[in-house]
Amino acid sequence: MANPSSSMGQSSRLDAALLHVSRNAGIAVLYQDHTLHTVWSHNLQPPWSEVLEEQPGVGNSLPQQQADRLVAARKNVLATGNSDGLEVSIADNSAGMRWYDVCIDADHSPGGQVQGVVVTVIETTEQKRREQTLKALLREVSHRSKNLLAIIQSIASQTGHYSGSIDVFLERFRGRLQSLASSQDLVTSSNWRGAGFRELVIGQVKRYSSDTEHAVHILGEDPYLTPNAALHIGLAVHELAVNSVSFGALSRADGHVEVTASKISGPDGDEQMALHWSEAIGPIADATARKKRFGSVALERVVPAALNGNAELEIGVDKLQYRLVMPHANFEIDQD
């Protein structure tokens, strides 16, 4: 036969352990009788100590509508004996909005009569914030994916329009997609903030020249580009690098290109950024062929249009220059 005192001791220790668990987990528990008078409470912190332990419907820390919902839910449990629950949000001046799950269970007497309610309050603020952050990230990913698909569609259209054969199209299209992927890697690694200009240029040229220290000289500012600017400027640098390796300075062992970024004032005095690519090239007989070879459509139309800027590609007898001007919305100078 079990020792009653031993069983009572075990029950007491179990009750104490459960109270410790609830406190450590941040769970508050309240017991109220059939008149909603508080009999006991555990770990009940403000504002709940004010909301639940006062007279029904009273609680200055909680909007009246939510206080009424709590009262109605407890009365419903007392009347039906069925459990109920609701989610409650409370404005906190120091922490913003705080969220709670409130569970209400009936306490039945040995005869089955409802003699009170047990109210459990669990704060879910962190979980709620994680959910909100995840939703925001998913919306951002969806938005950026649509932008990326639009860029790919534009690349495919322009590449197909100016490719004489399917083989030429595939070669150019693959190269441009790889350029886009390279820039996208930089943007993703920065948590979608963007990419540094110098890092972007080096990354694009490095795909075609192993000696970037000699092959590309970068001067001037190092603006931090927005994600959209990084993708399109990366595409422009890709076009310039590919053609330089084929026909320009990077086709020679001693050749190099010079890339400069400089702040300038726009027509209205607003800050803009001018990006300049310059290199020596070999002679090309046909001026029209020069433009087609150097991807003028992407450089002079697609890229500046996407950045709300303007660009000019000049191909002389022995020199190529590309100048892209973009407004401040595409970049920033100072970084934390």
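A few points on the structure.

## Examining the sheet that holds strand 1 (residues 27–33)
Strand order across the open sheet formed by 5 strands is 2-1-5-4-3, with antiparallel pairing between neighbours. Strand pairing shows two members of the sheet lacking a second neighbour, strand 2 (38–42) and strand 3 (84–92), which therefore form its edges. Between one strand axis and the next, the sheet turns through 20 degrees on average, direction left out of account. Both strand 3 and strand 4 (residues 96–108) contribute to a ladder of 9 bridges, which runs antiparallel.

## A few points about the environment of His-328
With respect to the helices and strands, the residue His-328 is situated in the loop between strand 12 (319–327) and strand 13 (331–332). Considering only alpha carbons, one finds His-328 and Leu-307, 21 residues apart in sequence, at a separation of 9.9 Å. Engagement of the side chain of His-328 in a polar contact is seen with the side chain of Glu-271, the distance being 3.2 Å.

## Description of the sheet that holds strand 13
Backbone-to-backbone hydrogen bonds join strands into a sheet, with any given pair of strands oriented parallel or antiparallel. Spatially, 6-8-13 is the arrangement adopted by the 3 strands of the open sheet, whose pairing is antiparallel. Each of the sheet's edge strands pairs with one partner strand only, and the pair in question is strand 6 (195–196) and strand 13. Two strands pair when backbone bridges link them, and strand 6 and strand 8 (residues 224–225) are joined in this way by 2 bridges, in the antiparallel orientation. Across the sheet, the residue bridging to Ala-195 is Leu-225, located in strand 8.

## Description of the side chain of His-232
Its place among the elements puts His-232 in helix 8 (residues 227–247). In this structure, His-232 is in contact with Ile-151, Val-302, Val-303, Ala-306 and Leu-307, ignoring residues within four places of it in sequence.

## Things to note about helix 5 (residues 166–189)
The end-to-end C-alpha distance of helix 5 is 34 Å, a good match for the 34 Å that 24 residues give at a rise of 1.5 Å each. What helix 5 keeps buried is the set Phe-169, Phe-173, Gly-175, Arg-176, Ser-179, Leu-180, Ser-183, Gln-184, Leu-186 and Val-187. As for helix 5, its buried residues are in contact with helix 4 (125–161), strand 6, helix 6 (197–206) and helix 8.

## A word on the pattern of salt bridges
For the coordinates displayed, the defined rule picks out 5 salt bridges. The partner of Lys-128 in a salt bridge is Glu-87, with the nearest N and O atoms 3.2 Å apart. Here Lys-128, found in helix 4, pairs with Glu-87, found in strand 3; they are 41 residues apart in sequence, far enough to count as distant. Note that Glu-239 is salt-bridged to Arg-176, the shortest N-O span being 2.4 Å. Separated by 63 residues along the polypeptide, Glu-239 in helix 8 and Arg-176 in helix 5 bring together distant segments of the chain. Accessibility classification places Glu-239 together with Arg-176 in one group, the buried group.

## Considerations on the packing of aromatic side chains
In the structure shown here, the tally under the stated rule is 2 aromatic pairs. Judged by centre distance (6.2 Å) and plane angle (10 degrees), the rings of Tyr-31 and Trp-40 are stacked. Trp-40 gets classed as partly exposed once you look at its relative accessible area, which sits at 40%. Look at Phe-169 and Phe-173: their rings are 5.3 Å apart centre to centre, the planes differ by 10 degrees, and that puts the pair in the stacked class. Of the two residues, Phe-169 and Phe-173 both sit in helix 5, 4 residues apart, roughly one turn of that helix. Per residue, the accessibility class of Phe-169 equals that of Phe-173, and both read buried. Geometry around Trp-99 places Lys-128 over its ring, the cationic atom sitting 4.7 Å from the centre.

Calculation criteria
Residues numbered from 1 in each chain as written. Predicted model: local features only at pLDDT ≥ 70, side-chain atom pairs only at ≥ 80, totals over all residues. Heavy atoms only, no water. Pairing = 2+ DSSP bridges. Helix = DSSP H or I, 4+ residues; strand = E, 2+ residues; numbered from the N terminus. Axes fitted to C-alpha atoms, helices over the stretch in contact; angles between N-to-C directions. Polar contact = N/O pair within 3.5 Å; in protein donor to acceptor, adjacent residues only side chain to side chain. Contact = heavy atoms within 4.5 Å. Expected span 1.5 Å × (residues − 1). Buried < 20%, exposed > 50% of the residue type's maximum accessible area, 1.4 Å probe, protein only. Salt bridge = Lys/Arg side-chain N within 4 Å of Asp/Glu carboxyl O. Phe/Tyr/Trp six-rings, centres within 6.5 Å; stacked < 30°, edge-to-face > 60°. Lys NZ or Arg CZ within 6 Å of the ring centre and 35° of its normal.

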